[in-house]
Amino acid sequence: MNERGKAARYETEDDSAPLDTHVARAILDGYHDKVSRALQSDVVIVGAGPSGLVAAWRLAHAGRHVVLLDKRLSPGGGIWGGSLGMNEVVVEQDAFSILAEAGVRQHCRGDLFVADAAELACALCLKALHAGVVFLNLITAEDVCVHDGRVNGVAVNRSILGERLPIDPLVLRSRAVIDATGHEAVLADRLHRRGLIDSPEGRLAGEGPMDAAAGEQFVVANVMELFPGLWVSGMSVCAVMGGPRMGPIFGGMLLSGEKAGEMIDRSLAESDQI
Ligand SMILES: Cc1cc2nc3c(=O)[nH]c(=O)nc-3n(C[C@H](O)[C@H](O)[C@H](O)COP(=O)(O)OP(=O)(O)OC[C@H]3O[C@@H](n4cnc5c(N)ncnc54)[C@H](O)[C@@H]3O)c2cc1C
């Protein structure tokens, strides 16, 4: 907080104020600080599912200033539901190192690892937050900002409120944006509707039929910069490019987020050198 902000805060500090007033001020100051830090960053990640969380963690760990948004109350996306609401998650060997690094307890079942869904969601959140990620919940990304042919931020609104009332969004600027919104691929869809991304079908491809093994490979292999400044990771990759659905297996999502983080960190490092 700058000197002016500090002065304004101390002027309103009143020891005799009721507890509720102190509570409200603490929340307002803390949230104001968070939103201020979110206004300009290296990377805005939209969607705090498994791929968005891992990308956020990896990028922040690499020293990038990262903002992570989710339209829902809690981060974790599809992790919580497991399959049919049974809160167990299954991960392949390739992604075991991510579970281990996050400190998620698991047991081995043949070539697979099984963990508690809540533990995975909580561990990834904690890793991201402790690495320095600024997380904002109940914030919906409505649109991308494009300048000189490059995505350089997102327009966000308060979830639910923005859908129901004519309220203008706020803009969060960044050097790169990840669409990790899962099946909806919201940001890719916005660009597509304006004809900024080509598609022979005139719409995003949409995910293909279920094929777990093929889907798991596809979602990692096809992480990419879809449009200058806009990257896709996780289920958005399949939604954009027609990759197979894979059902309740999470290794591909974790590895997809990790790959997006590594690619963006490299791309930012290259542009720093220019
Ligand atoms: C409803 C549902 C259906 C599923 N169906 C399939 C399936 O058909 N096939 C399959 O293989 N797997 C499916 N899964 C399983 C699995 O959960 C997903 O594959 C996996 O969670 C995707 O991970 P992700 O990181 O790509 O995105 P998700 O886990 O989906 O997370 C995306 C996050 O983005 C947030 N978000 C979305 N739009 C916005 C926005 N505009 N602004 C801010 N935040 C936003 C969401 O709230 C969510 O938290 C499904 C999961 C869910 C929850």
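Quick caveat, the model's predicted, so the values are computed rather than measured. (Residues numbered from 1 in each chain as written. Predicted model: local features only at pLDDT ≥ 70, side-chain atom pairs only at ≥ 80, totals over all residues.)

Draft legend 1. Inspection of the overall build of the protein chain at higher detail. Within the protein chain, the regular secondary structure consists of 10 helices and 11 strands. By the compact-globule yardstick of 19 Å for 274 residues, the protein chain fits well, its C-alpha radius of gyration being 20 Å. Each of the three principal axes of the protein chain carries a C-alpha extent, and together these read 60 × 45 × 45 Å. In the protein chain, buried positions account for 42% of the 274 residues. Of all intrachain contacts in the protein chain linking residues separated by at least 6 positions in sequence, the fraction that spans at least 24 positions is 69%. (Helix = DSSP H or I, 4+ residues; strand = E, 2+ residues; numbered from the N terminus. Rg over C-alpha atoms; globule rule 2.2 N^0.38 Å. Buried ≥ 20, exposed ≤ 12 C-beta atoms within 10 Å, placed from the backbone. Contact = placed C-beta atoms within 7 Å.)

Draft legend 2. Region of the structure containing the sheet that holds strand β5 (residues 112-116). Pairing within the open sheet is antiparallel, and its 3 strands lie in the order β3-β5-β4. Among the strands making up the open sheet, the edge pair consists of β3 (88-92) and β4 (106-109). On average, each strand axis in the sheet is tilted by 30° relative to the strand beside it, whichever way the strands run. As judged from the 5 bridges shared by β3 and β5, these two strands associate in the antiparallel manner. When the sheet's bridge partners are listed, E88 is paired in β5 with D116. (Pairing = 2+ DSSP bridges. Axes fitted to C-alpha atoms, helices over the stretch in contact; angles between N-to-C directions.)

Draft legend 3. Here's a closer look at the pairing of strand β7 (residues 139-147). Of the strand pairs in this sheet, β7 and strand β8 (residues 150-158) are connected by 8 bridges, and their pairing is antiparallel. When the sheet's bridge partners are listed, D143 is paired in β8 with A155. Hairpin connection of β7 to β8: 2 residues between the antiparallel strands, including D148 at a positive phi of 50°.

Draft legend 4. Here's a closer look at the environment of A260. Relative to the elements of secondary structure, A260 occurs in helix α10 (residues 251-273). Residues A260 and S16 lie 244 residues apart in sequence; the distance between their C-alpha atoms is 51 Å.

Draft legend 5. Region of the structure containing the site of the ligand. Contacts to the ligand come from 30 residues, most closely from G49, G77, G78, G182 and G234. Elements with a contribution of two residues or more to the shell around the ligand: α3 (50-61), β7 and α9 (235-241). By residue number, the principal contributor to the shell around the ligand is α3, which donates 3 residues. A breakdown of the residues in the shell around the ligand according to their chemical character gives 11 nonpolar, 14 polar and 5 charged. (Near = placed C-beta within 6 Å. Nonpolar A, V, L, I, M, F, W, Y, C, P; charged D, E, K, R; others polar.)

Draft legend 6. Just the nonpolar core, in detail. Judged by nonpolar contacts, the single largest core of 75 residues is most densely connected at I45, V46, A56, L68, L124 and V177. When sequence neighbours within four positions are dropped, the list of residues in contact with A56 reads I45, V66, L68, A128 and V133. (Core = buried A, V, L, I, M, F, W, Y, C linked by C-beta atoms within 7 Å.)

Draft legend 7. Looking closely at the environment of S256. Position of S256 among the secondary structure elements: in helix α10. Given 31 C-beta atoms within 10 Å, S256 falls into the buried group. For the pair S256 and R194, spaced 62 residues apart in sequence, the C-alpha to C-alpha distance is 27 Å. When residues no more than four places from it in sequence are discounted, the contact partners of S256 are S51, V219, V220, V223, S233, G234 and V237.

Draft legend 8. Focus on α3. Compared with the 16 Å implied by 1.5 Å per residue over 12 residues, the 16 Å span of α3 between its first and last C-alpha is a close match. Most of α3 sits inside the fold, with 11 of its 12 residues counted as buried. Residues of α3 that are buried include every one of P50, S51, G52, L53, V54, A55, A56, W57, R58, L59 and A60, and no others. On its buried face, α3 sits against β1 (40-46), β2 (66-69), α4 (96-102), α5 (117-130), β9 (170-179) and α10. Immediately beyond the C-terminal end of α3, within one or two residues, lies G63, with a positive phi of roughly 100°. (Expected span 1.5 Å × (residues − 1).)

Draft legend 9. A look at the packing of α3 against α10. It is at 7 Å that the axes of α3 and α10 come closest, and there the two elements cross at 40°. The chirality of how α3 crosses α10 is right-handed. Between α3 and α10, the contacting residues are P50, S51, G52, L53, V54, A55, R58 and L59 on the first element and M253, L254, S256, G257, E258, A260, G261, E262, I264 and D265 on the second. Residue classes in the contact of α3 with α10 are distributed as 9 nonpolar, 5 polar and 4 charged. (Left-handed = near helix turned anticlockwise from the far one by under 90°.)

Draft legend 10. Summary view of helix α7 (residues 186-193). Where α7 is concerned, the buried positions are V186, L187, A188, R190 and L191. Two residues or fewer past α7, G195 is found with a positive phi of approximately 75°.

Draft legend 11. Summary view of unusual backbone geometry. For D148, which is not glycine, the phi dihedral falls at a positive 50°. Looking at where D148 falls in the secondary structure, it is placed in the loop between β7 and β8. Of the residues examined, D148 has 6 C-beta atoms within 10 Å and is grouped as exposed. Positive phi, close to 70°, is recorded for I160, a residue that is not glycine. Residue placement: I160 occurs in the loop between β8 and α6 (161-164).

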